[in-house]
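# Report on the structure
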Amino acid sequence: MKIKKIKISQKGFKYSIMIGNGIINSTRSQIRKACPEVKKICLVADKNIPVGLRGKLKKQLTNYELHEVILNPSEKLKSFSNVSKLTDKLLSLNFNRTDLIISFGGGVIGDYSAFVASILKRGINLINIPSTLLSQVDSSIGGKTGVNSSLGKNLIGSFYQPDIVISDTMLLNSLPKREIICGYAEI
């Protein structure tokens, strides 16, 4: 497995973007490097990711107390009521600042998960594993998080950098042609 590592370093934050085919199989070692104190992980996953791919990731997380949340990636997810549901769940599970949210999906899942990570206890660890070409080249990079308001899309948010981005090109094989074209348009 060939891995390309891009280091991001700007104004007080540093993280790496890992790119490769099958790199999801190195998630455990990436967590150990980026977030060594993690005990609990909340995997926030897009329901459209094939079960086999989600299973590959979950095998990498067996050393941790894992809590899985499978969501429909519609814009309706990005609301304060849904943010409150996830934050309440994580607080009831006693998540702390050294624990981790892993966002496994496209831009909607990434925006939602990163926003929750940015506000929970004033910021907990976050790893983005973007599953679409569009999210691999855009929304998983740069730290923009957001939820929607009744007055518009992504009007409420924060800038919150992930601890690491794991872009596995293998995930692109599961996408419909339309999703790939949308990613090309963004590039």
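Just so you know, the residues in each chain are numbered from 1, in the order the chain's sequence is written. Owing to the predicted nature of the model, reporting of local features is limited to residues with pLDDT of at least 70; listing and counting of side-chain atom pairs is limited to 80 or more, with chain, interface and lining totals taken over all residues. Based on all heavy atoms of the structure, the side-chain values leave hydrogens and waters out of the count.

### Side note on the sheet that holds strand β1 (residues 3–10)
The line we're drawing: Whether two strands pair depends on DSSP finding at least two bridges between them. Counting from the N terminus, the helices are the DSSP runs of H or I reaching at least four residues and the strands are the DSSP runs of E reaching at least two. Comment: axis = line fitted to C-alpha atoms, over the contacting stretch for helices; angle = value between 0 and 180 degrees taken between N-to-C directions.
Read across the sheet, seven strands follow the order β1-β2-β9-β6-β5-β3-β4 without closing on themselves; strand pairing throughout is mixed. A single partner strand is all that each edge strand has here, and the edge strands are β1 and β4 (65–71). Direction aside, neighbouring strands of the sheet carry axes that sit 15° apart on average. When strand β2 (residues 13–20) meets strand β9 (residues 164–168), the two strands line up parallel, connected through five bridges.

### Topic: unusual backbone geometry
Most peptide bonds take the trans configuration, and most residues that are not glycine carry a negative phi. Phi angles above zero are rare outside glycine, and arginine 122 is one such case at about 65°. Its location among the elements puts arginine 122 in the loop between α4 (107–119) and β6 (125–130).

### Examining the pairing of β1
Across eight bridges, β1 lies against β2 in antiparallel orientation. Across the sheet, residue isoleucine 6 finds its bridge partner in β2, namely isoleucine 17. In textbook terms, the turn of a hairpin is the stretch between consecutive antiparallel strands, and for β1 and β2 this stretch comprises two residues, one of which, lysine 11, has a positive phi near 30°.

### Quick word on the environment of arginine 178
With respect to the helices and strands, the residue arginine 178 is situated in helix α6 (residues 177–186). Residues arginine 178 and glycine 152, 26 residues apart in the sequence, show an inter-C-alpha distance of 25 Å.

### Description of the nonpolar core
Using the following cut-off: As used in this record, nonpolar core signifies buried Ala, Val, Leu, Ile, Met, Phe, Trp, Tyr and Cys residues forming a set joined through side-chain atoms within 4.5 Å. Here's how the labels work: a residue is buried when its accessible area is under 20% of the maximum for its type, exposed when over 50%, partly exposed in between, all with a 1.4 Å probe on protein chains only. Any two residues having at least one pair of non-hydrogen atoms within 4.5 Å are treated as being in contact.
In terms of nonpolar packing, the biggest core is built from 23 residues, with Ile31, Ile102, Phe104 and Ile129 touching the most fellow members. Setting aside residues up to four positions removed in sequence, isoleucine 102 forms contacts with Ile31, Ile41, Cys42, Leu43, Val44, Leu57, Leu61, Ile127 and Ile129. Grouped together as the second largest cluster of nonpolar side chains are 21 residues, Leu71, Phe95, Tyr112 and Phe115 included.

### Points about the side chain of glutamine 161
Within the fold, glutamine 161 resides in the loop between β8 (152–159) and β9. Apart from residues lying up to four places away in sequence, glutamine 161 is in contact with Phe13, Tyr15, Gly142 and Gly143.

### Here's the deal with the pattern of salt bridges
For clarity, the threshold we go by: Think of a salt bridge as a Lys or Arg side-chain nitrogen and an Asp or Glu carboxyl oxygen that are within 4 Å of each other.
Across all of its chains, the model carries five salt bridges by this definition. Here glutamate 75 and lysine 153 are joined by a salt bridge, their closest N and O atoms 3.6 Å apart. One end of the pair, glutamate 75, is in the loop between β4 and α3 (80–92); the other, lysine 153, is in strand β8, with 78 residues separating them in the sequence. Judged by relative accessible area, glutamate 75 falls into the partly exposed class, the value being 31%. Taking the shortest distance from any N to any O, the salt bridge between lysine 78 and aspartate 111 comes out at 2.9 Å. One end of the pair, lysine 78, is in the loop between β4 and α3; the other, aspartate 111, is in helix α4, and 33 residues separate them in sequence. The pair formed by lysine 78 and aspartate 111 is uniform in burial state, with each residue classed as buried. Among the ionic contacts, a cluster of salt bridges with common partners joins Glu75, Lys78, Asp111 and Lys153.

### Considering empty space enclosed by the protein
Basically, it comes down to this: Points on a 1 Å grid, built from protein atoms alone, make a cavity when a 1.4 Å probe fits but cannot get out and make a pocket when they are open with protein on both sides within 12 Å along at least 5 of 7 lines; residues with an atom within 4 Å of a point are the lining residues. Grid points are joined across faces, edges and corners, and a volume is the space filled by probe spheres set on the points. Amino acids outside the nonpolar list (Ala, Val, Leu, Ile, Met, Phe, Trp, Tyr, Cys, Pro) and the charged list (Asp, Glu, Lys, Arg) are all regarded as polar, and Gly is one of them.
This structure, assessed with the given rule, holds one cavity of 30 Å³ or more. In this model, the largest cavity occupies a volume close to 110 Å³. Forming the boundary of the largest cavity are 18 residues, of which Gly110, Asp111, Asn128, Ser139 and Ser140 lie nearest the centre. Counting only elements with at least two residues in the lining of the largest cavity, the list comes to β5 (100–105), α4, β6 and α5 (133–139). Class assignment for the residues of the lining of the largest cavity results in six nonpolar, 10 polar and two charged.

### A short note on the layout of surface pockets
It is the rolling of a water-molecule-sized probe over the atoms that shows where space remains empty. Considered as a void within the structure, the largest pocket measures approximately 740 Å³ in volume. Lining the largest pocket are 34 residues, and of these Gly106, Gly107, Val108, Thr132 and Leu134 lie nearest its centre. Of all elements in the fold, only α4, α5, β7 (144–149), β8 and α6 reach the threshold of two or more residues within the lining of the largest pocket. The biggest single contributor to the lining of the largest pocket is β8, with five residues. One number sums up the size of the second largest pocket: a volume of about 150 Å³. If you trace the second largest pocket, you find it lined by Lys5, Ser16, Met18, Gln30, Lys33, Ala34, Asp163 and Ile164.

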